[in-house]
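# Structural features, examined
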Amino acid sequence: MNAASPLHLACPSCHAVNRLPAARLDQQPGCGRCHRPLFNGAPLTLDAGNFDAHASRSDIPLLVDFWAGWCGPCLQMAPAFAQAAAQLEPALRLGKLDTEAESALAARFAIRSIPTLVLLQRGRELARQSGAMPVTAIVQWARQHLPR
């Protein structure tokens with residue numbers, strides 16, 4: 001990726017798609033619409049209304065945690081996933097998708113077990129991993145599967 005090339009990034013707050021040079025990713029950029037930070041070091045909550053802005057219209061990869069509130073391993077992994085967001089941004093965005101609330105999106109990705117991590121770039125699946133993982137494993141797995 002050319003540092004001068006503009007990237008499209010969906011805002012985690014208002015979901016507006018922003019254009020900014022790749023070289024500015026590490027400079028704590030703000031949203032042109034709502035003026036909030038484009039990166040806040042925490043996973044965003046994904047739903048049918050904002051999923052495609054982050055999964056398909058944003059140029060940085062999106063790591064999705066497909067989970068459910070009744071799932072013990074999902075709840076166990078939640079703090080590790082949150083810590084991973086602080087370590088992996090701005091190279092990629094992390095988001096959580098509740099499979100109970102968003103069953104159509106879970107079906108779209110053929111989620112058969114949870115928790116399942118799916119790494120996407122521009123709507124295309126790059127990698128998938130099922131099962132709870134500690135923060136170091138999440139970070140290592142995500143970095144290993146990032147496009148070069």
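Above: the structure in question.
So, how was this worked out
- Residues numbered from 1 in each chain as written.
- Predicted model: local features only at pLDDT ≥ 70, side-chain atom pairs only at ≥ 80, totals over all residues.
- Heavy atoms only, no water.
- Helix = DSSP H or I, 4+ residues; strand = E, 2+ residues; numbered from the N terminus.
- Buried < 20%, exposed > 50% of the residue type's maximum accessible area, 1.4 Å probe, protein only.
- Areas by Shrake-Rupley, 256 points an atom, 1.4 Å probe, with all protein chains shown as cover.
- Lys, Arg positive; Asp, Glu negative; His and termini not counted.
- Charge placed at Lys NZ, Arg CZ, Asp CG, Glu CD.
- Pairing = 2+ DSSP bridges.
- Salt bridge = Lys/Arg side-chain N within 4 Å of Asp/Glu carboxyl O.
- Polar contact = N/O pair within 3.5 Å; in protein donor to acceptor, adjacent residues only side chain to side chain.
- Contact = heavy atoms within 4.5 Å.
- Axes fitted to C-alpha atoms, helices over the stretch in contact; angles between N-to-C directions.

## Overview of the overall build of the protein chain
In terms of regular secondary structure, the protein chain is built from 4 helices and 7 strands. When the helices and strands of the protein chain are read in sequence order from the N terminus, they spell out β-β-β-α-β-α-β-α-β-β-α. Judged by the C-alpha coordinates and their principal axes, the protein chain covers about 40 × 30 × 25 Å. Taking all 148 residues of the protein chain together, 47% fall into the buried category. Approximately 7,300 Å² of the protein chain is accessible, and the part contributed by carbon and sulfur atoms is 49%. Between the averaged position of the 14 positive side-chain charges in the protein chain and that of its 10 negative side-chain charges there is a distance of 7 Å.

## Considerations on the pairing of strand S2 (residues 17–21)
Side chains Asn18 and Leu20 project from S2 onto a buried face, and the interleaved Val17, Arg19 and Pro21 project onto a face without burial. Here strand S1 (residues 6–10) pairs with S2 via 5 bridges, running antiparallel. Across the sheet, residue Ala10 finds its bridge partner in S2, namely Val17. With antiparallel pairing between neighbouring strands as the criterion, S1 and S2 make up a hairpin whose turn holds 6 residues, including His15 at a positive phi of roughly 70°.

## Describing the side chain of Glu102
In this structure, Glu102 sits in the loop between strand S5 (93–98) and helix H3 (103–108). One buried charged residue, Glu102, forms no salt bridge at all, with the nearest opposite charge on Arg108 at 9.2 Å. For Glu102, the side chain forms a polar contact with the main-chain nitrogen of Ala48, separated by 3.3 Å. With residues up to four places along the chain from it excluded, the contact list for Glu102 reads Leu46, Asp47, Ala48 and Leu97.

## Digging into the sheet that holds strand S6 (residues 116–121)
Read from one edge to the other, the open sheet built from 5 strands follows the order S3-S5-S4-S6-S7, with strand pairing classed as mixed. This sheet does not close on itself; its edge strands, each paired only once, are strand S3 (44–46) and strand S7 (124–130). The average angle at which neighbouring strand axes cross in this sheet is 30°, direction not considered. Bridge count for strand S4 (residues 62–67) against S6 is 5 bridges, and the pairing is antiparallel. Paired with Phe66 across the strands is Thr116, a residue of S6. Sitting on the sheet, helix H2 (residues 72–88) touches S4, S5 and S6, and the angle it makes with S5 is about 155°.

## With respect to the environment of Pro43
Mapping Pro43 onto the fold places it in the loop between S2 and S3. Ignoring sequence-local partners within four residues, the contact set of Pro43 consists of Phe81, Ala82, Ala85, Leu94, Gly95 and Lys96.

## Here's the deal with the pattern of salt bridges
Within this structure, the stated rule accounts for 5 salt bridges. When the shortest N-O distance is used, the salt bridge between Asp52 and Arg108 registers 3.1 Å. With Asp52 in helix H1 (residues 51–55) and Arg108 in helix H3, the pair connects residues that are 56 residues apart, well separated along the chain. Accessibility expressed as a relative area gives 35% for Asp52, which makes it partly exposed.

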